Each structure stands twice: as structure tokens, then as C-alpha cells.
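What follows is each chain in one-letter form.
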Amino acid sequence: MEYRAFCKVRDEFQDHAKTLTDAWQETGKAVNARFPRGYIRTYGELRPRWPYLDEAHQTLLCQMVQLCDVNRWNLHLWDLSGTAGAAYVWHATIPVIAVMEVLSREFSKIKSFKPQQNNFFSYIEVLKANNILTDELSDELHRLRKYRNTVHLDAAKTPTIEGNGLPEEWNKACKALQELEQVLKQNS
């Protein structure tokens, strides 16, 4: 699509979104616009990503990745900046990290690795100790684990979510997930 036409469609979409938002706020009734069909990947498309997992865990991860598809759509469609944008990026990134934690835990079980504790930190460490993860991927998973922990585990401190509303952390988490899936599949 040519850029000028793209801008016109975007601006019209924004106007419609405002009209629908105003109507929803006025009436208190949900808009219930249909989410674009075909954007959320099906279980059939997702299951082959994890051939080493049982069906129950594949189903769980399919549900999480479908949520990630919805979050990806929102992150790349809306210009949500400032503190709300930073908080939404954090919120949208948590399911991506959750998928990585489940993969790490279940792969460790399958391989009979013995993490020191049942938490993401220990799963990363046991995968690294068994030469499944590189130092770089291990470091990135730990960085993302700490990013996830910013609010929900460090609430005793005054938490802060930093960012500009752009999906940079989400994109980094997705890249790390792809790398993790690749090494787990290679080592299964």
C-alpha cells in the first residue's frame, strides 16, 4: 500500500475507533467488534513448534501464544505512549516470558535435569549447566525474567516500569522465545 493511502486508512480507522469508544462510554454497552480473522494462529499451526511436549502442555502454550497474537496486534496497531504504553508493553510481554518458563520447566523434566528449585531462574541455570543454552541466551532469559519480576515479585520495593510505549521489550522477548524453541527442538 502506498504511504499516503496507508496514512488515510490509518486516520479513518482512528476516527472510527474514537466514535466507537465514545458510543461505548455513552451507552455503557460493549462494542464487540470482531477481531480480524486469521490473525490469531490456530492450534494446528502452533503445536508443531513443541513436538517434545505432551498434548496438555501444547494446549496450554497454544492458548498463551494466541494471547500473544492478540497482544502483538494491539502493540503494533495502536500508538500508546507514555506510562500507559510502557505498562502495556510490560503486561503484553509477560505471556511471552511465561511460555519460555513453561518450555524450560517441561524440557528439564523430560531430560530428567534436576534444577535446584522449581522456578524460572533454576530452569535457566540447569539448561545452561547441561549445555542446552548458550551464555548469551541464558543471559537474555535472565534479563527477561527480571523484567517480568519488575512489579509482581518486587512489590515490597517501589516498582517502576520504564519504557516509551514502543514494543522493544516485547520484540526482544519474542526473539528470545524463538531462539529457545530452536535449541530445545535441536536437543530433544
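Residues numbered from 1 in each chain as written. Predicted model: local features only at pLDDT ≥ 70, side-chain atom pairs only at ≥ 80, totals over all residues. Heavy atoms only, no water.

Comments concerning the overall build of the chain
Moving on, step 1. The helix and strand inventory of the chain stands at seven helices and zero strands.
Moving on, step 2. Listing every helix and strand of the chain by position from the N terminus yields α-α-α-α-α-α-α.
Moving on, step 3. Dimensions of the chain along its principal axes, counting C-alpha atoms only, are 55 × 45 × 35 Å.
Moving on, step 4. A burial count over the chain gives 35% of its 188 residues as buried.
Moving on, step 5. Restricting to contacts in the chain with at least 6 residues of sequence separation, those with at least 24 account for 65%.
Moving on, step 6. Positive and negative charge centroids in the chain, built from 24 and 24 side chains respectively, lie 4 Å apart. (Helix = DSSP H or I, 4+ residues; strand = E, 2+ residues; numbered from the N terminus. Buried < 20%, exposed > 50% of the residue type's maximum accessible area, 1.4 Å probe, protein only. Contact = heavy atoms within 4.5 Å. Lys, Arg positive; Asp, Glu negative; His and termini not counted. Charge placed at Lys NZ, Arg CZ, Asp CG, Glu CD.)

Section: the packing of helix 4 (residues 82-110) against helix 5 (residues 120-129)
Moving on, step 1. At their nearest, the axes of helix 4 and helix 5 sit 9 Å apart, and the two run at 55° to each other. Relative to helix 5, the element helix 4 lies oblique. Note on packing geometry: the crossing formed by helix 4 with helix 5 is left-handed. Across from Ile97, Met100, Glu101, Ser104, Arg105, Phe107 and Ser108 in helix 4, the residues of helix 5 making contact are Phe120, Tyr123, Val126 and Leu127.
Moving on, step 2. Each residue belonging to the contact of helix 4 with helix 5 can be placed in one class, and the counts come to seven nonpolar, two polar and two charged. (Axes fitted to C-alpha atoms, helices over the stretch in contact; angles between N-to-C directions. Parallel < 35°, antiparallel > 145°, perpendicular 65-115°, else oblique. Left-handed = near helix turned anticlockwise from the far one by under 90°. Nonpolar A, V, L, I, M, F, W, Y, C, P; charged D, E, K, R; others polar.)

Quick notes on the layout of surface pockets
The method is simple in principle: a probe with the dimensions of a water molecule rolls over the atoms, and the space it marks as empty is what remains.
Moving on, step 1. In this structure, the largest pocket occupies an estimated 450 Å³ of space.
Moving on, step 2. Phe13, Leu20, Ala33, Trp73 and Trp78 are the residues nearest the centre of the largest pocket, which is lined by 17 residues in total.
Moving on, step 3. Those elements that provide at least two residues to the lining of the largest pocket are helix 1 (3-27) and helix 3 (55-77).
Moving on, step 4. The greatest single-element share of the lining of the largest pocket, amounting to six residues, is contributed by helix 1.
Moving on, step 5. A per-class count over the lining of the largest pocket returns twelve nonpolar, four polar and one charged.
Moving on, step 6. Roughly 270 Å³ of volume is contained in the second largest pocket.
Moving on, step 7. At five residues, the largest contribution of residues to the lining of the second largest pocket is made by helix 1. (1 Å grid on protein atoms, 1.4 Å probe; cavity = no way out; pocket = protein on both sides within 12 Å on 5 of 7 lines; lining within 4 Å. Points joined across faces, edges and corners; volume = space filled by probe spheres on them.)

A few points about the pattern of salt bridges
Moving on, step 1. Enumeration over the complete set of coordinates arrives at 14 salt bridges.
Moving on, step 2. With a shortest N-O distance of 2.9 Å, Arg72 and Asp69 are connected by a salt bridge. Of this pair, Arg72 and Asp69 are both found in helix 3, three residues apart, which corresponds to roughly one turn of the helix.
Moving on, step 3. Of the residues examined, Asp69 reaches a relative accessible area of 0% and is grouped as buried.
Moving on, step 4. Here Glu169 and Arg143 are joined by a salt bridge, their closest N and O atoms 2.9 Å apart. Placement of the pair is Glu169 in helix 7 (residues 168-186) and Arg143 in helix 6 (residues 135-152), with a sequence separation of 26 residues.
Moving on, step 5. Residue Glu169 is classed as buried on the basis of its relative accessible area, which comes to 18%.
Moving on, step 6. One continuous salt-bridge network, built from bridges that share partners, spans Glu140, Arg143, Glu169 and Lys172. (Salt bridge = Lys/Arg side-chain N within 4 Å of Asp/Glu carboxyl O.)

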